[in-house]
Amino acid sequence: MSDVLAVVEQRAGVLRPVSQEVVTGARRLGDALAGRVDALALAAGGVRGAEQLGVFGADRVTTLTNPGFAAYAPEGYAQAVAERARTGGYGAVLFAATALGKDLAPRVAARLGRPLAPDVTDIVVEGGAVTVVRPVYAGKALLRLRLNASPALVSLRPNVFTPAERPKAGVMETTAVDVPAGRVVVQQIKAAAVGALDVAEAPIVISGGRGLKDPANFKLLEELAAAFGGTAAVGASRAVVDAGWRPHADQVGQTGKTVSPTLYIAVGISGAIQHLAGMRTSKVIVAINKDRDAPIFKVADYGVVGDLFQIVPHLTAEIKKFRA
Amino acid sequence: MNIAVCIKRVPDSETRVKIASDGKSLDEAGVKFILNPYDEFAVEEALRRREHAGAGAVVIVALGPPAAQETIRTALAMGADRGVLLQVERIPPDGLEVARALAAELRDGGYDLILFGKLAIDDANHQVGPMVAELLGWPCVSTVAHLELEQGRGIAEREIEGGVEVVAFPLPAVLTTDKGLNEPRYPALKGIMAAKKKPLEVKPTTLGPGGLEILALTPPPERQEGRIVGEGPGAVVELVRLLREEAKVL
Ligand SMILES: Cc1cc2nc3c(=O)[nH]c(=O)nc-3n(C[C@H](O)[C@H](O)[C@H](O)COP(=O)(O)OP(=O)(O)OC[C@H]3O[C@@H](n4cnc5c(N)ncnc54)[C@H](O)[C@@H]3O)c2cc1C
Ligand SMILES: Nc1ncnc2c1ncn2[C@@H]1O[C@H](COP(=O)(O)O)[C@@H](O)[C@H]1O
């Protein structure tokens with residue numbers, strides 16, 4: 001029997017949705033280990049939305065508060081999480097493989113002297129040991145690893161562990177923690193446009209490539225994204241990012257972001273291996289391309305061959321009709 | 001400015017992955033190896049900082065098999081001053097073991113800055129830089145896409161979901177580099193010739209067993225053969241129907 005710690009995330013005092021995935025993964029592991037699931041948030045004060053975590057299987061939801069925890073404080077967070085992990089006697093500690101989790105988890109691992117299995121797409125218990133699957137070689141192979149350490153430290157790839165309801169008590173508790181002022185300080189977050197979804201987190205991603213011909217034509221994709229009513233983000237291939245048409249933050253692929261949305265629509269993208277590296281774990285892939293032999297059709301569940309300038313506006317109209 | 005850059009020898013991103021007969025590793029026959037692309041940003045940044053300061057040295061550190069000497073030579077050809085190979089038979093999957101060996105090498109080096117790539121494109125562990133920083137007790141900013149250094153302090157920008165974090169830190173520090181930080185230079189012929197004569201120290205290294213045990217390396221599940229729904233805008237109605245009724249994603 002051993003307990004699982006789920007490190008969840010907040011921004012500006014609001015729980016981030018990925019937290020539900022971490023608790024869902026933790027619950028799965030907690031059940032296999034016959035243990036409790038404790039969710040752990042770090043914040044300056046209360047975290048709006050943390051009270052829902054019981055629904056996804058948290059037995060307890062603890063918020064560690066510190067005036068320096070409003071924004072991510074790498075050193076303070078690492079110290080506080082490592083301390084909890086150590087004193088709580090957990091068998092596993094789970095993070096989200098987000099910008100925050102990718103920075104925090106290795107720090108905690110080094111402090112605890114325990115290995116970290118990052119960005120996993122599956123997690124099970126086999127013969128009492130936590131076993132994970134993670135894509136390697138740009139998604140061209142899967143590595144199955146056993147963690148011979150306690151606690152087992154794991155970060156979960158966003159969008160893979162679909163939140164599942166599994167009601168538990170979710171007892172709320174807030175504890176002030178004392179940590180020294182960090183040397184590394186987040187001074188400011190320059191936010192992207194309000195409401196803009198990040199491609200790494202959006203449930204629907206519509207990416208455009210060189211086939212769009214001109215940066216202004218991305219308007220077509222933005223209109224399609226808007227038709228989905230705030231659940232879709234617009235991504236890009238490297239070709240158009242390198243050309244300066246779209247920001248690097250939107251790039252999908254080996255040197256951009258890895259995405260696993262429910263629906264990925266590739267528009268005017270050929271499907272180079274480095275692009276596939278970033279989106280091949282999407283649940284459903286749609287490709288729109290005028291070249292029937294484009295490699296993107298090899299990974300696409302549904303393909304439409306033809307001129308994107310004719311097809312995309314139709315698709316936007318159909319989605320609008322369907323959602324109306 | 002004295003700067004260390006940690007680099008990794010990795011298979012080229014175009015590599016066709018063939019799994020070795022042990023079912024646990026890459027079959028390296030015919031595989032072309034390169035300097036990890038993210039580490040190129042780190043090497044470039046180090047060279048620019050040294051050039052700007054007008055003094056100091058850029059030291060390249062790699063942990064890897066004997067063939068990683070070539071990778072170090074690539075960084076020396078770009079303009080780094082000397083190299084160190086922590087020679088092991090094979091690089092373990094546990095990044096903490098790699099970080100421990102690197103930290104031991106770097107600890108007393110008198111560096112102002114230690115640079116890493118944000119991740120190595122083979123195992124994509126995305127962890128060695130911050131681990132080394134923690135082991136050394138140094139401040140660290142990861143995935144830096146913009147950097148300003150002045151009088152012992154720095155400001156870095158890093159991408160987060162839906163925005164950019166602006167982070168202040170003191171030197172010495174550990175930084176890991178992201179795409180966008182700079183445009184790495186290509187080694188010039190003169191640099192390649194010069195690199196052959198630059199010092200490269202090889203240190204046989206033994207690593208701990210690590211806590212990650214490889215059970216299997218397998219090809220990813222084939223995506224079920226997709227289908228062409230149709231041609232042109234006429235196929236859109238059928239596409240939406242399939243997304244709704246078959247794939248159930250709308
Ligand atoms: C180390 C390395 C890392 C890389 N990392 C990445 C990465 O992270 N992400 C990434 O995307 N790439 C990456 N690349 C680049 C990659 O190899 C490709 O060059 C790139 O993905 C191509 O972009 P594209 O599909 O937009 O352009 P193209 O390959 O030029 O494809 C354009 C497509 O648009 C179609 N088209 C044109 N007009 C129309 C029309 N009117 N209607 C419909 N279809 C049309 C064409 O048929 C074609 O298939 C990387 C490369 C290297 C070497
Ligand atoms: N074997 C190694 N030798 C030297 N540096 C390494 C090694 N492995 C990883 N690194 C460094 O750590 C970064 C992140 O690698 P990783 O955590 O393995 O994805 C790389 O970009 C390198 O800068």
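Structure's up top.
Residues numbered from 1 in each chain as written. Chains lettered and ligands numbered in written order. Predicted model: local features only at pLDDT ≥ 70, side-chain atom pairs only at ≥ 80, totals over all residues. Heavy atoms only, no water.

## Brief notes about the packing of helix α4 (residues 218-227) of chain A against helix α8 (residues 308-323) of chain A
Residues and elements named next belong to chain A. Keep this limit in mind: Interaxial angle, 0 to 180 degrees, is taken between N-to-C directions of lines fitted to C-alpha atoms, where a helix line uses only the stretch in contact. The secondary structure listing takes helices from DSSP runs of H or I that are at least 4 residues long and strands from runs of E that are at least 2 residues long, numbered from the N terminus. Any angle between 65 and 115 degrees counts as roughly perpendicular, while under 35 counts as roughly parallel, over 145 as roughly antiparallel, and the rest as oblique. By definition, any crossing whose near helix is turned counterclockwise from its far helix by less than a right angle is left-handed, and any crossing with a clockwise turn is right-handed. Working rule for contacts: check all heavy atoms of both residues, and any pair within 4.5 Å makes them a contact. Amino acids are sorted into nonpolar (Ala, Val, Leu, Ile, Met, Phe, Trp, Tyr, Cys and Pro), charged (Asp, Glu, Lys and Arg) and polar (every other residue, Gly among them).
Between α4 and α8, the least distance of the axes is 9 Å, while the angle of their chain directions is 15°. On the basis of their axis angle, the class for α4 and α8 is roughly parallel. In this structure, the crossing between α4 and α8 has a hand that is left-handed. Counted together, Leu 220, Leu 221, Glu 223, Leu 224 and Ala 227 of α4 and Leu 308, Phe 309, Val 312, Pro 313, Leu 315, Thr 316, Ile 319, Lys 320 and Arg 323 of α8 form the full contact between these two elements. Tallied by class, the residues present in the contact of α4 with α8 amount to ten nonpolar, one polar and three charged.

## Quick notes on the interface of chain B and chain A
This is how it is decided: Accessible area that two parts lose when put together, evaluated with a 1.4 Å probe and summed over both, is termed the buried area. The term salt bridge refers to a pairing of a side-chain nitrogen on Lys or Arg with a carboxyl oxygen on Asp or Glu at a separation within 4 Å. We define a polar contact as two N or O atoms separated by no more than 3.5 Å, with the added condition that, inside protein, one atom must be a possible hydrogen donor and the other a possible acceptor, whereas residues neighbouring each other in sequence contribute only through side-chain atom pairs. DSSP-based pairing: two strands are paired if at least 2 bridges between them are found.
Counting residues at the interface gives 77 residues for chain B and 86 residues for chain A. Each partner contributes to the roughly 7,200 Å² buried at the junction of chain B and chain A, and carbon and sulfur atoms together form 58% of this total. Inspection of the chain B/chain A interface yields ten salt bridges. Its salt-bridge partner being Glu 134 of chain B, residue Arg 107 of chain A comes within 3.2 Å of it at the nearest N-O pair. Viewed at the interface, chain A and chain B are joined by 46 residue pairs in polar contact (both at pLDDT 80 or more). If you list the elements that add at least two residues to the side of chain B that touches chain A, you get α3 (95-106), α4 (128-136), β7 (140-150), β8 (153-160), β9 (163-170), β12 (212-218), β13 (227-231) and α6 (236-246) of chain B. Grouping the amino acids of the side of chain B that touches chain A by side-chain chemistry returns 44 nonpolar, 14 polar and 19 charged. As paired elements, strand β10 (residues 141-147) of chain A and β12 of chain B share six bridges and run antiparallel to each other. The residue of β12 of chain B that forms the bridge with Arg 146 of chain A is Glu 213 of chain B.

## Here we look at the sheet that holds strand β1 (residues 4-7) of chain A
Residues and elements named next belong to chain A. Strand order in the open sheet formed by seven strands is β7-β11-β6-β1-β4-β5-β12, and the pairing between neighbours is parallel. Two strands close off the open sheet at either side, each with one partner strand: β7 (116-120) and β12 (171-176). The mean inter-strand angle of the sheet, taken between neighbouring strand axes irrespective of direction, is 20°. Strand direction decides the pairing type here: strand β5 (residues 60-65) and β12, joined by six bridges, are parallel.

## Quick word on the sheet that holds β12 of chain B
The strands making up a sheet associate through hydrogen bonds between their backbones, and the pairing can be parallel or antiparallel. Spatial ordering of the open sheet is given by β8(A)-β9(A)-β10(A)-β12(B), a layout of four strands whose pairing is antiparallel. The strands lining the two open edges of the sheet, one partner per strand, are β8 (122-126) of chain A together with β12 of chain B. Averaged over all adjacent pairs, the angle separating strand axes in this sheet is 25°, with direction ignored. Two elements, β8 of chain A and strand β9 (residues 129-136) of chain A, share five bridges in a ladder whose sense is antiparallel. Considered in β9 of chain A, the bridge of Asp 122 of chain A is made with Val 133 of chain A. Most of the contacts of helix α1 (residues 18-32) of chain A go to β8 of chain A, to which it runs at about 10°, and overall it touches β8 and β9 of chain A.

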